[in-house]
Amino acid sequence: MRVALLATASFGALAGVAFADGEVNIYSYRQPELIQPLLDEFTKETGIATNVLFLDKGLVERISAEGTNSPADVILTVDIGRLIEAKDGGVTQPVQNDIINKDIPAQYRDPAGDWFGLTTRGRVVYASKERVPETAITYEELSDPKWKNRICIRDGQHSYNIGLFASMIAHHGAEYTEKWLTGLKNNLVRKPDGNDRSQAKSIMSGECDIALGNTYYVGLMLTNDKDPEEKEWAAAIKVLFPNAADRGTHVNISGMALAKNAPNKDNAIKLMEFLSSGKAQEIYSEQVFEYPVLPGAKVSEVVASFGPIKPDPLPLVDIAANRKLASELVDKVGFNDGPTQ
Ligand SMILES: [Fe+2]
């Protein structure tokens, strides 16, 4: 039955690996090629084989439906929203482990141990090299009329924006954030649209001067040999780290969780300990152009070229607590309708 279930899984380089030390099953929202180098290293070190089931949606529903027979051991995903969804959906179990807790700073993990961050991604400002002389910026000033008719952004309800807006509520309260969202909406050039990369394209074309986007997309665009046009989009922008001079830049995480009914629990914990290690974080962050959560761990050269990031120390659990309210405010101010004044 397990074989049938995992028939769509990527067995990667596992052929021929001895199964004497057992295996571990990973349900992943992250694409197999992004995590394979890490998993190969894990298997090399421990002899434990890894099976990956990649899903692009419905991970929680699937594990839930599988119930106590679920083969899922470790869940890998991106965004605090999805980690919370897994916990709230009852498909995780808590882990209290000294090795993991030492390597992952408290702000990036669930206090109960139901999820852990592995890498961070900054939600930064992409700014036109040509038309934006500023070298510093804050999230707060994005609602200032000085940016009127100059900002592009993707859907306000997208989890990347919701994470940022939730952090604004955590820092300033709902009343301030509602006004701020209204100001930001009225500074937009057009209705929220596209993805983070397409905002860089809009800056290149002159449609807008600044946009919000995640750090790793800049790395992905700059190195995109398959679609070299993206290199031009990235070349048109510079990365500004908002609030670098005060509280720091909002970051979200990619992370992991132990599945509720993990059949290979010991191996799952071994994998989670491995993924927490500085070495694994460096392999992972290099692969995905993100930042390791472990202070002092190396980032890729491309990412380092944006300059240093100072992450907002706000615990991710506090961001999670404000996501629902952030989503309600996005609707309340008609954010996705675009500028109305
Ligand atoms: Fe993304």
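Because the structure is a prediction, the values reported are computed rather than measured.

1. Regarding the overall build of the chain
Move 1: Counting its regular elements, the chain contains 15 helices and ten strands.
Move 2: In terms of C-alpha radius of gyration, the chain reaches 20 Å, essentially the compact-globule figure of 20 Å for 341 residues.
Move 3: Across its three principal directions, the C-alpha atoms of the chain cover 65 × 40 × 35 Å.
Move 4: Residue burial in the chain is summarised as follows: out of 341 residues, 56% are buried.
Move 5: Sequence-distant contacts in the chain: of pairs separated by 6 or more residues, those separated by 24 or more amount to 80%.
Move 6: Just so you have it, the chain exposes about 13900 Å², and 52% of that area is on carbon and sulfur atoms.
Move 7: Charge centroids of the chain, computed over 36 positive and 46 negative side chains, lie 2 Å from each other.

2. As for the coordination of the iron ion
Move 1: Protein-derived ligands of the iron ion are Y160 (OH), Y216 (OH) and Y217 (OH), with the metal-ligand distances lying across 2.0 Å.
Move 2: As a motif over one chain, the donors of the iron ion read Y-x55-Y-Y. A residue pair is termed long-range when its members are at least 10 positions apart, and Y160 in helix α6 (residues 159-172) and Y217 in helix α9 (residues 215-222) qualify at 57 residues. In terms of burial, Y160 and Y217 fall into one category: buried.

3. So, the pattern of salt bridges
Pairing is possible between side chains that carry opposite charge, provided their charged atoms lie close to one another.
Move 1: Here the structure, examined in full by the defined rule, presents 23 salt bridges.
Move 2: For K102, the salt bridge identified is with D103, shortest N-O distance 3.7 Å.
Move 3: Note on K102: relative accessible area 65%, which makes it exposed.
Move 4: Among the salt bridges present, the one from R121 reaches E290, with a minimum N-O distance of 3.0 Å. You can see R121 sitting in strand β5 (residues 116-128) and its partner E290 sitting in the loop between α12 (278-288) and β10 (291-292), a full 169 residues away along the chain.
Move 5: Of the residues examined, R121 reaches a relative accessible area of 1% and is grouped as buried.
Move 6: For E290, a relative accessible area of 0% puts it in the buried group.
Move 7: Because the salt bridges share partners, they merge into one network encompassing E41, K44, E45 and K279.

4. Considerations on the state of the cysteines
Move 1: Tallied over the entire structure, the rule returns one disulfide.
Move 2: Bridging C152 to C208, the disulfide has an S-S length of 2.1 Å. An S-S torsion of about -110 degrees defines the bridge between C152 and C208 as left-handed. Separated by 56 residues along the polypeptide, C152 in strand β6 (residues 151-152) and C208 in the loop between α8 (196-205) and β7 (210-214) bring together distant segments of the chain. As far as the burial class goes, C152 and C208 line up, both buried.

5. Some points on the nonpolar core
Move 1: Membership of the largest hydrophobic core comes to 88 residues, with the highest contact counts inside it found for L142, F165, I210, M256, L271 and F335.
Move 2: In this structure L142 touches V125, I137, W147, I151, W180, L184, N187, I210 and L212, once residues within four positions along its chain are discounted.
Move 3: Listed in part, the 13 residues of the second largest apolar core include L59, I63, A86 and A259.

6. Comments concerning the packing of α6 against helix α15 (residues 323-332)
Move 1: Two elements in contact, α6 and α15, have axes separated by 8 Å at closest approach and are oriented at 105 degrees. Taken together, the axis directions place α6 and α15 in an arrangement best described as roughly perpendicular. The segment α6 lies against α15, with S159, I162, F165, A166 and I169 engaging R323, L325, A326, S327, L329 and V330.

7. Some thoughts on the pairing of strand β2 (residues 49-54)
Move 1: Counting buried positions along β2 gives five out of six residues, so the element sits mostly inside the fold.
Move 2: As paired elements, strand β1 (residues 23-28) and β2 share six bridges and run parallel to each other. Considered in β2, the bridge of E23 is made with A49.
Move 3: Following the backbone out of β1, through helix α2 (residues 32-46) and into the adjacent parallel β2, one traces a crossover that is right-handed.

8. Some words on the confidence of the model for the chain
Move 1: Taken as a whole, the chain shows an average pLDDT of 93; of its residues, 94% reach a score of 70 or greater.
Move 2: Throughout residues 1-20 the model reports pLDDT below 50, and contacts reaching past four residues in sequence, or to other chains, amount to 34 contacts.

9. Focus on the packing of helix α11 (residues 265-276) against α12
Move 1: Two elements in contact, α11 and α12, have axes separated by 5 Å at closest approach and are oriented at 70 degrees. Judged by the inter-axis angle, α11 sits roughly perpendicular to α12. Contacts from F274, L275 and S276 of α11 reach α12 at G278, A280 and Q281.
Move 2: Looking at the contact of α11 with α12, its residues break down into three nonpolar, three polar and no charged.

10. A short note on the environment of E273
Move 1: Turning to its location among the elements, E273 is positioned in helix α11.
Move 2: Put simply, E273 and N101 are 172 residues apart on the chain and 9.2 Å apart in space, counted from C-alpha to C-alpha.
Move 3: Among all residues touching E273, those that are not within four sequence positions of it are N97, I99 and I100.

Calculation rules
- Residues numbered from 1 in each chain as written.
- Predicted model: local features only at pLDDT ≥ 70, side-chain atom pairs only at ≥ 80, totals over all residues.
- Heavy atoms only, no water.
- Helix = DSSP H or I, 4+ residues; strand = E, 2+ residues; numbered from the N terminus.
- Rg over C-alpha atoms; globule rule 2.2 N^0.38 Å.
- Buried < 20%, exposed > 50% of the residue type's maximum accessible area, 1.4 Å probe, protein only.
- Contact = heavy atoms within 4.5 Å.
- Areas by Shrake-Rupley, 256 points an atom, 1.4 Å probe, with all protein chains shown as cover.
- Lys, Arg positive; Asp, Glu negative; His and termini not counted.
- Charge placed at Lys NZ, Arg CZ, Asp CG, Glu CD.
- Donors = N, O, S within 2.8 Å, 3.2 Å for Na, K, Ca; no water.
- Salt bridge = Lys/Arg side-chain N within 4 Å of Asp/Glu carboxyl O.
- Disulfide = S-S within 2.5 Å.
- Core = buried A, V, L, I, M, F, W, Y, C linked by side-chain atoms within 4.5 Å.
- Axes fitted to C-alpha atoms, helices over the stretch in contact; angles between N-to-C directions.
- Parallel < 35°, antiparallel > 145°, perpendicular 65-115°, else oblique.
- Pairing = 2+ DSSP bridges.
- Right-handed = clockwise from strand over helix to strand, strands pointing away.
- pLDDT = per-residue confidence, 0-100.
- Nonpolar A, V, L, I, M, F, W, Y, C, P; charged D, E, K, R; others polar.

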